[in-house]
Amino acid sequence: MRWHPSVPKAVILGLGNRLAGDDAFGVLTAEALQECGAPAASMELDVFEAVELLRDADKAVIVDALGTEWGKPGEVVALEVQLENVDVEVLRNLWAHRITPVQLLATAWGVGAFKGKAWIVGVVSDNVEFLSPVSQRTADSFHEVCELICRLLPELRIDCSCAGNRFREKLSRPLVQP
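The rules behind these values
- Residues numbered from 1 in each chain as written.
- Predicted model: local features only at pLDDT ≥ 70, side-chain atom pairs only at ≥ 80, totals over all residues.
- Heavy atoms only, no water.
- Pairing = 2+ DSSP bridges.
- Helix = DSSP H or I, 4+ residues; strand = E, 2+ residues; numbered from the N terminus.
- Right-handed = clockwise from strand over helix to strand, strands pointing away.
- Salt bridge = Lys/Arg side-chain N within 4 Å of Asp/Glu carboxyl O.
- Buried < 20%, exposed > 50% of the residue type's maximum accessible area, 1.4 Å probe, protein only.
- 1 Å grid on protein atoms, 1.4 Å probe; cavity = no way out; pocket = protein on both sides within 12 Å on 5 of 7 lines; lining within 4 Å.
- Points joined across faces, edges and corners; volume = space filled by probe spheres on them.
- Nonpolar A, V, L, I, M, F, W, Y, C, P; charged D, E, K, R; others polar.
- Axes fitted to C-alpha atoms, helices over the stretch in contact; angles between N-to-C directions.
- Contact = heavy atoms within 4.5 Å.
- Parallel < 35°, antiparallel > 145°, perpendicular 65-115°, else oblique.
- Left-handed = near helix turned anticlockwise from the far one by under 90°.
- Polar contact = N/O pair within 3.5 Å; in protein donor to acceptor, adjacent residues only side chain to side chain.

### Some words on the pairing of strand 2 (residues 40-43)
Put simply, side chains in a regular strand alternate between the two faces of the sheet.
Reasoning step 1: Where strand 1 (residues 10-15) lies against strand 2, four bridges are found, and the strand directions are parallel. Along strand 2, the bridge assignment pairs leucine 15 with methionine 43.
Reasoning step 2: For the segment spanning strand 1, helix 1 (residues 25-35) and strand 2, crossover handedness is right-handed.

### Overview of the pattern of salt bridges
Reasoning step 1: Across all of its chains, the model carries eight salt bridges by this definition.
Reasoning step 2: Between arginine 137 and aspartate 126 there is a salt bridge whose closest N-O contact spans 2.9 Å. Separated by eleven residues along the polypeptide, arginine 137 in helix 4 (residues 136-139) and aspartate 126 in the loop between strand 5 (117-124) and helix 4 bring together distant segments of the chain.
Reasoning step 3: Residue class for arginine 137 comes out partly exposed when judged on its relative accessible area of 38%.
Reasoning step 4: Linked through salt bridges whose partners overlap, the residues forming this network are Arg18, Glu31, Glu35, Arg166 and Lys170.

### Digging into the layout of surface pockets
Reasoning step 1: One number sums up the size of the largest pocket: a volume of about 440 Å³.
Reasoning step 2: Lining the largest pocket are 17 residues; nearest its centre among them are Ala65, Leu66, Gly67, Trp70 and Pro101.
Reasoning step 3: Broken down by secondary-structure element, the contributors of at least two residues to the lining of the largest pocket are strand 3 (59-66), strand 4 (76-81) and helix 3 (101-110).
Reasoning step 4: Looking at the lining of the largest pocket residue by residue, the class counts come to nine nonpolar, three polar and five charged.

### Notes on the sheet that holds strand 4
Reasoning step 1: Strand order in the open sheet made by the five strands is 2-1-3-5-4, with mixed pairing throughout. A strand with exactly one partner marks an edge of an open sheet, and here the two such strands are strand 2 and strand 4. On average, each strand axis in the sheet is inclined to that of its neighbour by 20 degrees, with strand direction left out of account.
Reasoning step 2: Two elements, strand 3 and strand 5, share eight bridges in a ladder whose sense is parallel.

### Structural notes on helix 3
Reasoning step 1: Among the ten residues of helix 3, seven are classified as buried, and the element is accordingly described as predominantly covered.
Reasoning step 2: Along helix 3, the residues that are buried comprise Pro101, Gln103, Leu104, Leu105, Ala106, Thr107 and Ala108.
Reasoning step 3: Packed against the buried residues of helix 3 are strand 1, helix 2 (47-54), strand 3, strand 4 and strand 5.
Reasoning step 4: With its phi angle positive at about 80 degrees, glycine 112 sits one or two positions after the end of helix 3.

### Here's the deal with the packing of helix 1 against helix 6 (residues 160-172)
Reasoning step 1: Remark: helix 1 packs on helix 6, axes separated minimally by 8 Å, with the N-to-C direction vectors making an angle of 130 degrees. It follows from the interaxial angle that helix 1 and helix 6 lie oblique. When you trace helix 1 past helix 6, the crossing you get is right-handed. Residue-level inspection shows Phe25, Leu28, Thr29, Glu31, Ala32, Leu33 and Glu35 of helix 1 in contact with helix 6, the latter providing Ala163, Arg166, Phe167, Lys170 and Leu171.
Reasoning step 2: Residues of the contact of helix 1 with helix 6, tallied by class, amount to seven nonpolar, one polar and four charged.

### Quick notes on the side chain of aspartate 23
Reasoning step 1: Tracing the backbone shows aspartate 23 in the loop between strand 1 and helix 1.
Reasoning step 2: Accessibility expressed as a relative area gives 15% for aspartate 23, which makes it buried.
Reasoning step 3: Side-chain polar atoms of aspartate 23 contact the backbone nitrogen of asparagine 17, separated by 3.0 Å.
Reasoning step 4: Beyond its immediate chain neighbours, meaning those up to four positions away, aspartate 23 contacts Leu15, Gly16, Asn17, Asp64, Ala65, Asn127 and Val128.

Below, the structure written as structure tokens:
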């Protein structure tokens, strides 16, 4: 990803597991956005790479599937994260192969890599069964999520039409590529 020095650095990171139903939403969304020119990256396991991608960014959006404690399945949620108020306890259960969006942002904040504004944008889901596809309810939320990211990061001029087409293409492919 490359940024022009006169434009605030904004980054979109998609978290999740492409083999776990709706948990693939963040990863597939980031890939679709990146293919249409947005500074986005999918992060399945590499926490350290994610922290480096956040380094010196002015704004960050983390896209992920959210649990039902955040709303009804299919509902799109945006949460602004106030990193200066994050309790150190959020890092207690940190594990490099299972990290929440808040833990990722707090880690980047704690090591001095990220001091910008951050949001978590996601779709509430109860479908994270291994080897299941993304549910239609979650897939149908893509456009709303993309438009929300556009409102949070207008300087990126994201093409949600292009990204929506790429997202649908990704959903039509097998979960595991030969």
